[in-house]
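Secondary and tertiary structure notes
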Amino acid sequence: RLPVLVGGVIFQEQPRQMVAFMLDNSARKELEQRKDDFISMASHELKTPLTAVKLQVQLVRKRLEKHSQHEAVTALTRVEGPVNQLERLITELLDVSRMQAGKLEYRREPVDLNELLREVTAPIRHLHPGRTILISGSVQASVIGDRDRLGQVFTNLISNAIKYSPNAEAVEIDLARSKDAVMVHVRDHGLGIPREQIERVFERFYRVTDLGQQAIPGLGMGLYIAAEIVKHHGGTITVDSAVGKGSTFTVILPLLRAALSS
Ligand code: ADP
């Protein structure tokens, strides 16, 4: 038992509660740390065998294709979908861990956002044939940053816009610029986010508690990752939303010229 000694004076009732509170707090912190360490270790441990599975599947696919084994190739394609989905989840877990530990590295290169938005939209269109994804505002707008990480931000926002629009409503992306900043809007006409939860969607592992959202699978990492990346680029990410009407996520980043002179 720790002595109930605060500032050299032994108290009776109050401080005993205070010490208990302090112990509670440090125990909680240690538990948090252990949880973070566990997530980091678990995602590393999961990634290695999954990468091996992925490589083997690719190898087998090549061999089967060479011998025109079409049926087997089709069967293998059904394995690749879930394997890729698992890989995305584990990569997100690893990203979250690295961000928590401040260990994520960013490149610094000029990135043309107009080009990037078209590039990240292509595979999403491919995954969701028939969905309308409109891009407007073809302005020239470059920023300084990590192309892959910025691509991840927009992939997350556009994928969410599609995912949380269960009636397959259109998704609109708009690119605009001012003198020293570039603004990207990703708008959907889907479920929308309740006002009292809107601030929380960028928190790590937070998911909206409404039944509509809960019915859609996810782990609440995408927006946390997006917000961290945008913050790292000196930008902001915000959301405007109404339940039953839809949501608009807005990313603002400093323009290349502005970024260079600051
Ligand atoms: P998840 O993997 O759960 O989608 P995110 O971090 O990307 O994680 O999003 C956090 C939560 O915010 C989601 O679980 C969902 O409840 C809500 N959300 C995100 N984007 C939208 C959207 N476009 N429309 C409605 N709700 C959204």
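Residues numbered from 1 in each chain as written. Predicted model: local features only at pLDDT ≥ 70, side-chain atom pairs only at ≥ 80, totals over all residues. Heavy atoms only, no water.

1. A word on the overall build of the protein
- For the protein, the count of helices and strands is seven helices and nine strands.
- Expressed as a percentage of the 262 residues in the protein, the buried residues total 38%.
- Within the protein, counting contacts between residues at least 6 apart in sequence, those at least 24 apart form 68% of the total.
- Carbon and sulfur atoms form 57% of the exposed surface of the protein, whose accessible area is close to 16200 Å². (Helix = DSSP H or I, 4+ residues; strand = E, 2+ residues; numbered from the N terminus. Buried < 20%, exposed > 50% of the residue type's maximum accessible area, 1.4 Å probe, protein only. Contact = heavy atoms within 4.5 Å. Areas by Shrake-Rupley, 256 points an atom, 1.4 Å probe, with all protein chains shown as cover.)

2. Looking at the pairing of strand β7 (residues 181–187)
- Of all seven residues in β7, five are buried, a share of seventy percent or more.
- Here six bridges tie strand β6 (residues 171–177) to β7, and the two strands are oriented antiparallel to one another. Residue R177 lies in a different strand from β7, and its bridge partner there is V182.
- Counted between consecutive antiparallel strands, the loop separating β6 from β7 contains three residues.
- As paired elements, β7 and strand β9 (residues 246–254) share seven bridges and run antiparallel to each other. Bridge pairing links V182 to L253 in β9. (Pairing = 2+ DSSP bridges.)

3. Some details on the pattern of salt bridges
- Summed over the entire model, instances satisfying the criterion amount to 15 salt bridges.
- A salt bridge links R107 to E109; its shortest N-O distance comes to 3.3 Å.
- Residue classification places R107 among the partly exposed residues on the basis of a relative accessible area of 42%.
- One salt bridge in this structure joins K231 and E228, with 3.2 Å as the shortest N-O distance. One end of the pair is K231 and the other is E228, both in helix α6 (residues 222–232) and three residues apart, which spans about a single turn.
- Within this structure, R61, E65 and E80 form a network of salt bridges that share partners. (Salt bridge = Lys/Arg side-chain N within 4 Å of Asp/Glu carboxyl O.)

All we've got here are geometric facts, nothing functional implied.
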